[in-house]
Amino acid sequence: MAESIYSNYPPDLSPAQQKFLVTFVKDWAIQNGLAVRPSPAIIPSGADSNGVLATNAPVTLFPSPFPRACFEEATALQEIYNELYAMITCNEEWLGKIVEGLIEVDDFVSNLWKVHLDVQKEGYVQNLSLGLFRSDYMAHVLPTGATALKQVEFNTISSSFGGLSALVRQMHTELLASPPGSSINYPPHPLLQSRVPPENPAVETLSAGLAAAHKAYGVSKSTPALPLCVLFVVQETERNVFDQHALSRQLKTIHNIPVFRVASVDILDQTSIPSSNPSRPLLYQPPHSPDSTFEVTTVYLRAYYSPDEYKSSRDWLARTHLERSAAIKCPTVLNQLSGCKKVQQVLAEPTGPDHLSSFLKGKDNTLVERVRDTFAPQYDLSINSQGRELALNPDTALNHVLKPQREGGGNNVYKADIPGFLRSIPESDWRGWVLMELINPAANAQNVALRNDGEVLRGDVISELGVYGTILWENTGKVLHNEQGGYLLRTKGKEVNEGGVAAGFSSLDSALLF
């Protein structure tokens, strides 16, 4: 990687230039919905008891340089990655063996698997599954200075920020192109001349996936027939509402599909499955119009990805209720489990059965190897394993991250903390964790971030690229829809280990390709 790309980027800002950019970004964000509800850390809940306030999402003032070759490879591989995780989900026997090694040490995985077994015992009535995926990567700097694309994780549930990431690209593009022909919004810099971030059709792609599922559901399974809708299941205290509204608005205005939102805690109160109908349609009655009943074609989960969302047995009953219905789930429980870090680690094993080639049987071998090349070294922590040795040695632990089977950010253990953490938990629980070699980012990348509390920070940063994809498939493995489109760039301070925007660790960004 050319060090000169980062050596003087971004250009320094005078106080007047910084004030202009901060004011522009704050106002543009609220005007265009690049916003989040404020966290209690910024606005105490008592100060906004009516929930009317919003603030800008955390964003960078400048777009960040990102290697073009890595960006193009990530987008080129998304459809094959979509298919890989669809095929894993279809292979219940293989996935079950992975899960069996986790259920004794991970209650969350165990309970998800139990939901599947309970519905399987009764009998599934829907053979279609929808995935709205995001594959996250970093540009790994090799000793030679060249870069290679390495995957951080593959997200199978609640792959967020498609709506807001498209807006960040729009905002940065506007700053770069105004006034036309001679932009004065940024100080002069070669990277900022005649370059704009690549198009970001994340909203169109993700909503088209939901629309494909809605169409594939077919006609109403109720008698008499009911109007059909898509249901977004969200967290009760969701802050990232505007990102979600970008998708629902696209579904309503472009695809002419009714969309409703239900908090996960209200699922059992606001939806039902008629016991007299063997097809088990999922019915929804909007509280604001109790005489109206809709049949749900597609359940889009923007909740239920974290153990703390299941506060009682009632929450697990609600998840089972959705799973046993005729609605197409995004994702199913099995598809959510396919996103476990253990699956990623098993796929990346350099010895033993070639699971990757098995799942991608019939695909061009060169394409399969390109997928394999994105894997970072990963290890289990079994007795006498290399992973255990690397994790417990204070010197080698510095080059690794320890991951549980979780989504959402804030769950990993890094570097020097790894040996002590492992010794603080029962050794029998170690198999619930995966050790991954850290990806080596550009050494001197910098940017300026505007946090959603208004603070402006400048410093060394790390950027992570997420690529969106959608896939609709039958449980036989037949693929009905497979598409890549749109991306998320998240940029965090180099001293910050975690990368989740919603968890408060990162800023939304867009890419300047070089």
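What counts as what
Residues numbered from 1 in each chain as written. Predicted model: local features only at pLDDT ≥ 70, side-chain atom pairs only at ≥ 80, totals over all residues. Heavy atoms only, no water. Buried < 20%, exposed > 50% of the residue type's maximum accessible area, 1.4 Å probe, protein only. Helix = DSSP H or I, 4+ residues; strand = E, 2+ residues; numbered from the N terminus. Pairing = 2+ DSSP bridges. Domains from an automatic or database assignment. Contact = heavy atoms within 4.5 Å. Salt bridge = Lys/Arg side-chain N within 4 Å of Asp/Glu carboxyl O. Polar contact = N/O pair within 3.5 Å; in protein donor to acceptor, adjacent residues only side chain to side chain. Nonpolar A, V, L, I, M, F, W, Y, C, P; charged D, E, K, R; others polar.

Attention now moves to the pairing of strand β14 (residues 400-403). Residues His 400 and Leu 402 point to one face of β14 and Val 401 and Lys 403 to the other, with burial holding for every one of them. In the sheet, β14 pairs with strand β15 (residues 413-414) via two bridges, with the strands oriented antiparallel. Directly across from Leu 402, in β15, lies its bridge partner Val 413.

This part takes up the sheet that holds β15. Taken together, the four strands give an open sheet; going across it, the order is β13-β16-β14-β15, and neighbouring strands pair in antiparallel fashion. With one partner strand each, in any of the chains shown, β13 (378-379) and β15 form the two edges of the open sheet. As paired elements, β14 and strand β16 (residues 434-437) share four bridges and run antiparallel to each other. What sits directly across from Val 401, in β16, is Met 436.

So, about the domain arrangement of the chain. Many analyses report the size of an interface as the accessible area lost when the parts associate. On domain assignment, one finds that the chain holds domain 1 (65-165 + 197-376 + 461-513) and domain 2 (382-436). Each of domain 1 and domain 2 has a C-alpha centre, and these two points are 26 Å apart. Facing 25 residues of domain 1, the contacting portion of domain 2 comprises 18 residues. On the surface where domain 1 and domain 2 come into contact, there are one salt bridge. The partner of Glu 104 in a salt bridge is Arg 431, with the nearest N and O atoms 2.9 Å apart. Taken together, domain 1 and domain 2 are joined by four residue pairs in polar contact (both at pLDDT 80 or more). Breaking the side of domain 1 that touches domain 2 down by element, the ones donating at least two residues are α5 (107-122), β6 (147-155) and α12 (341-348). Its residues placed into classes, the side of domain 1 that touches domain 2 shows 13 nonpolar, six polar and six charged.

Moving on: the pairing of β6. In terms of burial, β6 is largely enclosed, as eight of its nine residues are buried. Summarising the sheet, strand β5 (residues 128-141) and β6 pair through eight bridges and their orientation is antiparallel. Within β6, the residue paired with Ser 135 across the bridge is Phe 154.

By the secondary structure assignment, Gln 405 is in the loop between β14 and β15. Owing to a relative accessible area of 5%, Gln 405 belongs among the buried residues under this scheme. When the C-alpha positions of Gln 405 and Tyr 300 are compared, they lie 21 Å apart, and in sequence the two are 105 residues distant. Discounting residues that sit within four places of it in the chain, Gln 405 has contacts with Leu 102, Asp 106, Val 109, Cys 340, Lys 341, Lys 342, Gly 432, Trp 433 and Val 434. A distance of 2.9 Å separates a polar side-chain atom of Gln 405 from the backbone nitrogen of Lys 341.

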